[in-house]
Protein chains: 2
Amino acid sequence: MKTSLRTHTCGELNMQHLNEKVTLCGWIQKIRKLGGMTFIDLRDRYGITQLAFDAATQPELCQQIDSFGREWVIQVKGTVKERYSKNKNIPTGDIEIMADEITVLNESLTPPFTIEDESDGGDELRMRYRYLDLRRNPVKNNLLFRHKLSITIRNYMNHIGFVEIETPFLVGSTPEGARDFVVPSRLSHGEFFALPQSPQTFKQLLMVAGFDRYFQIVKCFRDEDLRADRQPEFTQVDCEMSFVTQEDVIQIFEGLLKHIFKEIKGIEVGDIERITWADAMKYYGSDKPDARFGMRFVELNDVLQHKEFKVFNQAELVVGIVAKGCASYTRKQLDGLTEFVKRPQVGASGLVYVQCHEDGTFKSSVDKFYDQADLQAVAKKANAEPGDLILIMAGPRVKTQVQMGALRLEMGDRLGLRKKGEYKLLWVVDFPLLEWDEETQRYYAMHHPFTAPKPEHEAILETKPGEVNANAYDIVINGTEVGGGSIRIHDKNLQKRMFKALGFTEEEAQKQFGFLMNAFQYGAPPHGGLALGFDRLCAILSDADSIRDFIAFPKNNAARDVMLNAPSTISDAQLKELGIKVSEWE
Amino acid sequence: MKTSLRTHTCGELNMQHLNEKVTLCGWIQKIRKLGGMTFIDLRDRYGITQLAFDAATQPELCQQIDSFGREWVIQVKGTVKERYSKNKNIPTGDIEIMADEITVLNESLTPPFTIEDESDGGDELRMRYRYLDLRRNPVKNNLLFRHKLSITIRNYMNHIGFVEIETPFLVGSTPEGARDFVVPSRLSHGEFFALPQSPQTFKQLLMVAGFDRYFQIVKCFRDEDLRADRQPEFTQVDCEMSFVTQEDVIQIFEGLLKHIFKEIKGIEVGDIERITWADAMKYYGSDKPDARFGMRFVELNDVLQHKEFKVFNQAELVVGIVAKGCASYTRKQLDGLTEFVKRPQVGASGLVYVQCHEDGTFKSSVDKFYDQADLQAVAKKANAEPGDLILIMAGPRVKTQVQMGALRLEMGDRLGLRKKGEYKLLWVVDFPLLEWDEETQRYYAMHHPFTAPKPEHEAILETKPGEVNANAYDIVINGTEVGGGSIRIHDKNLQKRMFKALGFTEEEAQKQFGFLMNAFQYGAPPHGGLALGFDRLCAILSDADSIRDFIAFPKNNAARDVMLNAPSTISDAQLKELGIKVSEWE
């Protein structure tokens, strides 16, 4: 890291360099005066080194420093000396530089917030001055981590024969075009490119082209109303393989994930458990279960639908979870849980509890309807022990499962079961191929229209479309879907049947997917793949909540770049060249 | 590369696998019948393996094959056997598979052109069916090469401390906005993002943020009228470093280039020669000289402006080159050269020749004005020997240099001096900082407005702007500019003076570059960088003429993707959501 302006960085000097003449460059983190000494903490990407100046022998230097401020950029020449008072927390803590020359490379205004691990700057302010926020260790380290992860992935994929191929960014608008960002063409007025939501089409074409194993770490774009922690541009690790089954794809990416955990986290991940989508819903009320803790659902219809309690009796599903050791929850705590499930985000109508007291008795919010023997039967079915709390919800099957899933995660949080630093990976498999939409009264592809049905379900695609499972799989870490993929349809007749099941006329299918279907007529191999959300993976592996901290220059929740103030207006001359006008439609 | 569908690829079996039971998958390259045998050449990404079937013992299999066609996708089970007639040209040429089972994985229509190294398909057709064109070895190998180059660069840069950081694609429109692709914002009607022409601003911000060494292999976008071999989206190896001088940047990237040549081509590139921009123009008539051959310009004003030949006497520059051994050029050949320089692309008004005959006499097209002694003086000045041809042009200095530069390259081609497989790297340094534009009567930044002047020229920025040289450098390989960069201005006062020299009012500068100048107020370090054209680098290293062959899915010369048929119209609903209308301006 030696350059014409420095001999070393601020992160590398130690006792081995004693008495060496060195030149350092960096930013002033802090200036301290102690007795007759002036100390500067000099910072660069690599660390912090202490500079020392003696007012007795270097009065002019010390006076010069008095005019300096935080974040000034300086170059310092001096000699490496052992410190009197060592700092064991940093690699350079044993030494300091007795400086004998300072050059100011650039001054700095006082930053609008402190450049410390814990800054005093609010979110908005730090985003506006993102280039200063990036100086803070936590943010800087996130981006260094992201780099390390990307190069680790690239080398692994290269090692096992995957070729990184860049696919285009100026593409055609897709059927799900409503979410496309579009780009007006200057050369063909009235026509638009779209930015790709994913390289899906291209990676399938690359399989038709015979590339066998493709990957790419690539930006994708989706113009949707931003939910928490979504970004209009995001990065995928996108992959596709030929001549494979679902098992092959799962094995390859299980290998990648094991390698990542070992290289990056020093953690040996064993074989990754698999759960069917149906079981994930049944036991966790989620297609992306956080399996760091159990608290699996117990269906209680048979032990709770024999009394006069209508709410249960009329419900499609009565389902409970056991909160270990929570029998002593106070009234207030229990009310809090009821409030939680009644929040619009969860949307349940109520919550029933059964406290399993240490003395063998039970207390329930439905004591009016159920006696001690009934509650004992519930406890037995749920495997609850004295001291546990059983939480029960009832209603339509899927809806209630999802609500109970939310409560389960809440209880996991309250009981500290979702531990940072612990990682539970899970393959969710056997997804339904199609999803029925009540509003539009049609089926939608749960993954996308090229996902292959399980071969054994192909026969019922027309007769029982809702029961067809897909050769599709998601990889879930700690309750977050980190990636997913599928085996694709490579047979054009099956693809036609799929489009029909999705309600496309042959003409529509031809218009929207025609060129891919054409390509498939020229010897498409069996193929499948997977895409990992790279921003998300960075966050998960760092136990962070937000992907934004792993993106150098993210957009805010209104999809704006507040640092650049983008988007912004452009000139009439530009609009004219593009043949468009800014104008609201009637 | 083993998967559930195959035990081996089509590129790996040899004598070591004799008698092994194997399963292969791939495309049918060719079916041949020879006596009682049927042979199939089975192809995948990794190679070709011969399959053999015996009509005598396997009549049904042979009959099945009769229905197959080129590019069908099949799976074959069989045994590895030694061939009778070996093919030494391919790694699998010693063996063949005695097949005993074939499964058709997919049929194929007959491709619209042959999938051979030399295809019968025209350019347009191959672009339309790019996924088939990509099956051809030359195109496939280009993309494999590109992958290898990218991972080689990434690992080298990582190794020397550069961090790859993704910069955003949805950015603000820039001052050179006329070349921006723009993206209308759905959430802020009337406002637009732009796609980045380069990450220039962001990499400078990353230096302000203290990242010290940044790189990125990244797509960039430029909406300009396509000249030959330009693409609206292209890829750069983008880099920036802090606390450096020009020499540091040159050393770092010289190291990268040496590493690339050694790793990828097995060629040891010595230290790279440097030439000033002024000398490049003076001796080669180009700021990107092809230095694989000499043929340097000789200025002949002093030996040719003493007679009655007006064309020379009135010219600012009389300049010649020596074509070794071309004295015997015929009249027709000489006329051809004159025609060449008179083409509009070159634009010269004429060409004078001097033939230096073996017998010591001279023959010239201007014998009327110059006698043998005059021509001998010319030959002496030009270092021409008997048998050589001297070609002379005259006119305004720079214009004539550029025209002579074109002729020099043409002669290099004719004489076979621009050898494939030979690489001559060259740093062009000391570029002028500013370029005067006659049309708009103002200076433009030759690189960009953040390029630093040579420190020793700072003082004359206001008084003699045209004479200021920049700390800027280009790397040229075989006459192609492969990359360039500069030391940036990190001092805000110098930056203000620069904007002034470029004719920006303070208000305009603030409006267009304000936020970068603001960022520079918070401790910007001295920094500089370089960007390599990655597509171009791929082509140069492969001795290829066109970058298009190194892009998986390129646009055509009208900036269209003829495979996708993009750009295309979008729905009114989409336009409405974006608050724009397609409409020509008055």
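For clarity, every value in this text was computed on a predicted model and none was experimentally measured.

Engineer: Go over the packing of aromatic side chains with me, naming the residues and quoting the values.
Structural biologist: Counted by the stated rule, this structure contains 41 aromatic pairs over all chains. Taking 5.0 Å as the distance between ring centres and 55° as the angle between the ring planes, the aromatic pair formed by A:F553 and B:F202 counts as tilted. With A:F553 in the loop between α15 (534–541) and α16 (572–578) and B:F202 in helix α5 (residues 200–208), this residue pair bridges two chains. Note on A:F553: relative accessible area 4%, which makes it buried. Between B:W436 and B:Y443, the ring centres sit 4.9 Å apart and the planes meet at 70°, which makes this aromatic pair edge-to-face. By relative accessible area, B:W436 is classed as partly exposed at 40%.

Engineer: Outline unusual backbone geometry, supporting the account with residue identities and numerical values.
Structural biologist: Of note, the amide linkage connecting A:A566 to A:P567 takes the cis form, showing an omega dihedral of 5°. The topology assignment puts A:P567 in the loop between α15 and α16. Unlike most non-glycine residues, B:N565 shows phi in positive territory, near 55°. Relative to the assigned elements, B:N565 resides in the loop between α15 (534–541) and α16 (572–578). For B:N565, a relative accessible area of 47% translates into the label partly exposed.

Engineer: Summarise the relation of the copies chain A and chain B; cite the residues concerned and give the values.
Structural biologist: When chain A is fitted onto chain B, the two copies agree to an RMSD of 0.2 Å after a turn of 180° and an axial shift of 0.0 Å. These values place the two chain copies in the arrangement generated by a two-fold rotation axis. Here 100% of the contact residues of chain A are again contact residues in chain B; the copies associate through an equivalent surface.

Engineer: For the packing of helix α13 (residues 492–501) of chain B against helix α14 (residues 506–520) of chain B, give the residues involved together with the corresponding values.
Structural biologist: Residue and element names in this part refer to chain B. Contact pair α13 / α14: the axes reach a minimum separation of 11 Å and the direction vectors enclose 140°. Here α13 is positioned oblique relative to α14, judged by the angle of their axes. Regarding α13 and α14, the two cross each other, and that crossing is right-handed. The residues of α14 that touch α13, namely those facing Q495, K496 and F499, are E506, A509, F513 and M517. A class-by-class count of the residues in the contact of α13 with α14 yields four nonpolar, one polar and two charged.

Engineer: Requested: an account of the interface of chain A and chain B, with residues and values cited.
Structural biologist: On the side of chain B, 129 residues touch chain A, which itself brings 129 residues to the contact. At the boundary of chain A with chain B, total buried surface from both sides reaches about 11400 Å², with 62% on carbon and sulfur atoms. The interface formed by chain A and chain B contains ten salt bridges. In this structure, B:R146 engages A:E166 in a salt bridge whose closest nitrogen and oxygen atoms are separated by 2.8 Å. Viewed at the interface, chain B and chain A are joined by 65 residue pairs in polar contact (both at pLDDT 80 or more). Sorting elements by how many residues they give to the side of chain A that touches chain B places helix α4 (residues 137–159) of chain A first, with nine residues. Class assignment of the residues belonging to the side of chain A that touches chain B gives a composition of 68 nonpolar, 31 polar and 30 charged. With three bridges joining them, strand β23 (residues 580–582) of chain A and strand β23 (residues 580–582) of chain B adopt antiparallel strand pairing. The residue bridging A:V582 from the neighbouring strand is B:I580, located in β23(B).

Engineer: Could you give an account of the pattern of salt bridges, with specific residues and numbers?
Structural biologist: Under the definition given, this model contains 94 salt bridges over all chains. Salt-bridge contacts for B:R32 lead to B:D41; the nearest nitrogen and oxygen are separated by 3.5 Å. Residue B:R32 is classed as partly exposed on the basis of its relative accessible area of 28%. The network of salt bridges with common partners includes A:D123, A:R126, A:R130, A:D133, A:R136 and A:R548.

Engineer: Could you give me a rundown of empty space enclosed by the protein, with the residues and numbers involved?
Structural biologist: As enumerated under the stated definition, the model contains eleven cavities of 30 Å³ or more in all. The space that makes up the largest cavity amounts to roughly 440 Å³. Lining the largest cavity we find 32 residues, and of these A:R154, A:E164, A:I217, B:R154 and B:I217 sit closest to its centre. Taken together, the elements giving at least two residues each to the lining of the largest cavity come down to α4 and β9 (213–221) of chain A together with α4 (137–159), β9 (213–221) and α15 of chain B. Of the residues forming the lining of the largest cavity, the biggest block, five residues, is contributed by α4(B). Classifying every residue of the lining of the largest cavity gives 13 nonpolar, eight polar and eleven charged.

Engineer: Lay out the side chain of A:K219 in plain terms, naming residues and giving numbers.
Structural biologist: Positionally, A:K219 belongs in strand β9. Engagement of the side chain of A:K219 in a polar contact is seen with the backbone oxygen of B:T167, the distance being 3.2 Å.

Engineer: Describe the sheet that holds strand β21 (residues 480–487) of chain A, listing the residues and the values that go with them.
Structural biologist: Residue and element names in this part refer to chain A. Here eight strands make up an open sheet; going across it, the order is β6-β9-β10-β22-β21-β20-β17-β11 and the pairing mixed. Two strands close off the open sheet at either side, each with one partner strand: β6 (163–164) and β11 (273–276). Bridge count between β6 and β9: two bridges; the pairing is parallel. Bridge pairing in β9 links E164 to F215. Lying on the sheet, α4 is in contact with β6, β9 and β10 (233–242); it crosses β9 at an angle near 150°.

Engineer: Break down helix α10 (residues 331–342) of chain A for me, citing the residues and quoting the values.
Structural biologist: Residue and element names in this part refer to chain A. In this model, α10 (twelve residues) spans 16 Å end to end at C-alpha, consistent with the 16 Å of a helix rising 1.5 Å per residue. Buried within α10 are the following residues: L334, L337, F340 and V341. An end-on view of α10 places all buried positions within 110° of arc, on one side of the element. Set apart from the buried face of α10 by more than 90 degrees, the exposed residues are R331, K332 and E339. On its buried face, α10 sits against β14 (352–356), β16 (389–395) and α12 (397–414).

Engineer: Requested: an account of the pairing of β10(A), with residues and values cited.
Structural biologist: Residue and element names in this part refer to chain A. Of all the ten residues making up β10, ten are buried; the element is thus mostly covered by neighbouring parts of the structure. Burial along β10 is two-sided: the face carrying E233, T235, V237, C239 and M241 and the face carrying F234, Q236, D238, E240 and S242 are both buried. When β9 meets β10, the two strands line up antiparallel, connected through nine bridges. From the neighbouring strand, C220 faces β10, where its bridge partner is F234. The sheet contact formed by β10 and strand β22 (residues 527–533) spans seven bridges and is antiparallel. Counterpart to D238 in the pairing with β22 is A531.

Engineer: Quick one: what's the story with the pairing of strand β1 (residues 21–34) of chain A, residue by residue and with numbers?
Structural biologist: Residue and element names in this part refer to chain A. Note: β1 against strand β4 (residues 73–82), seven bridges, orientation antiparallel. In the sheet register, G26 faces β4, and the bridge partner there is I74. Of the pairings in the sheet, the one linking β1 to strand β2 (residues 37–44) comprises seven bridges and is antiparallel in character. Across the sheet, residue W27 finds its bridge partner in β2, namely R43.

Engineer: So, the sheet that holds strand β12 (residues 298–299) of chain B: which residues are in play, and what are the values?
Structural biologist: Residues and elements named next belong to chain B. Ordered by their spatial adjacency, five strands build an open sheet running β12-β13-β16-β14-β15, and the pairing between neighbours is antiparallel. Both outer strands of the open sheet, β12 and β15 (362–364), are each paired with one neighbouring strand and no more. On top of the sheet, helix α11 (residues 372–382) reaches β12, β13 (317–323), β14 (352–356), β15 and β16 (389–395); it is set at about 95° to β15, its chief contact.

Engineer: For the environment of A:A228, give the residues involved together with the corresponding values.
Structural biologist: In this fold, A:A228 is placed in the loop between β9 and β10. Between the C-alpha atom of A:A228 and that of A:I547, which follows or precedes it by 319 residues, the distance is 10.0 Å.

Engineer: Describe the confidence of the model for chain A, with residues and values.
Structural biologist: With 99% of its residues at a pLDDT of at least 70, chain A reaches an overall mean of 94. Scored by ipTM, the complex comes to 0.95, with pTM at 0.96.

Engineer: Can you tell me about the domain arrangement of chain A, naming the residues and giving the values?
Structural biologist: By a widely used convention, the size of an interface equals the accessible area lost when the partners come together. Split into domains, chain A comes out as domain 1 (15–106), domain 2 (141–275 + 426–550) and domain 3 (293–418). On a C-alpha basis, the centroid separation for the pair domain 1 of chain A and domain 3 of chain A is 62 Å.

Engineer: With reference to specific residues and values, describe a negative patch on the surface.
Structural biologist: All names here are of chain A. Among the surface-exposed residues, E116, D117, E118 and D120 lie close enough to one another that they form a single negatively charged patch. With respect to the helices and strands, E118 occurs in the loop between β5 (95–106) and α2 (123–128). The exposure class of E118 is exposed, given its relative accessible area of 71%.

Engineer: Tell me what's going on with α14(B), and back it up with residues and numbers.
Structural biologist: In a regular helix each residue adds 1.5 Å, so 15 residues correspond to 21 Å; α14(B) covers only 16 Å between its end C-alpha atoms and thus falls short of that length. Where α14(B) bends most, at B:F513, the angle is about 85°. Burial in α14(B) covers these residues: B:A509, B:F513, B:G514, B:L516, B:M517, B:A519 and B:F520. Buried residues along α14(B) sit in contact with β5 and α3 (130–133) of chain A together with α5, α13 and β22 (527–533) of chain B.

What counts as what
Residues numbered from 1 in each chain as written. Chains lettered and ligands numbered in written order. Predicted model: local features only at pLDDT ≥ 70, side-chain atom pairs only at ≥ 80, totals over all residues. Heavy atoms only, no water. Phe/Tyr/Trp six-rings, centres within 6.5 Å; stacked < 30°, edge-to-face > 60°. Helix = DSSP H or I, 4+ residues; strand = E, 2+ residues; numbered from the N terminus. Buried < 20%, exposed > 50% of the residue type's maximum accessible area, 1.4 Å probe, protein only. Least-squares fit on C-alpha atoms with pLDDT ≥ 70 in both. Contact = heavy atoms within 4.5 Å. Axes fitted to C-alpha atoms, helices over the stretch in contact; angles between N-to-C directions. Parallel < 35°, antiparallel > 145°, perpendicular 65-115°, else oblique. Left-handed = near helix turned anticlockwise from the far one by under 90°. Nonpolar A, V, L, I, M, F, W, Y, C, P; charged D, E, K, R; others polar. Buried area = accessible area lost by both parts, 1.4 Å probe. Salt bridge = Lys/Arg side-chain N within 4 Å of Asp/Glu carboxyl O. Polar contact = N/O pair within 3.5 Å; in protein donor to acceptor, adjacent residues only side chain to side chain. Pairing = 2+ DSSP bridges. 1 Å grid on protein atoms, 1.4 Å probe; cavity = no way out; pocket = protein on both sides within 12 Å on 5 of 7 lines; lining within 4 Å. Points joined across faces, edges and corners; volume = space filled by probe spheres on them. Expected span 1.5 Å × (residues − 1). Arc of directions from axis to C-beta. pLDDT = per-residue confidence, 0-100. Domains from an automatic or database assignment. Patch = residues over 30% accessible without salt bridge, like charges linked within 9 Å, V, L, I, M, F, W, Y side chains within 5 Å. Areas by Shrake-Rupley, 256 points an atom, 1.4 Å probe, with all protein chains shown as cover. Lys, Arg positive; Asp, Glu negative; His and termini not counted. Charge placed at Lys NZ, Arg CZ, Asp CG, Glu CD. Bend = angle between axes of the 7 residues up to and from the residue.

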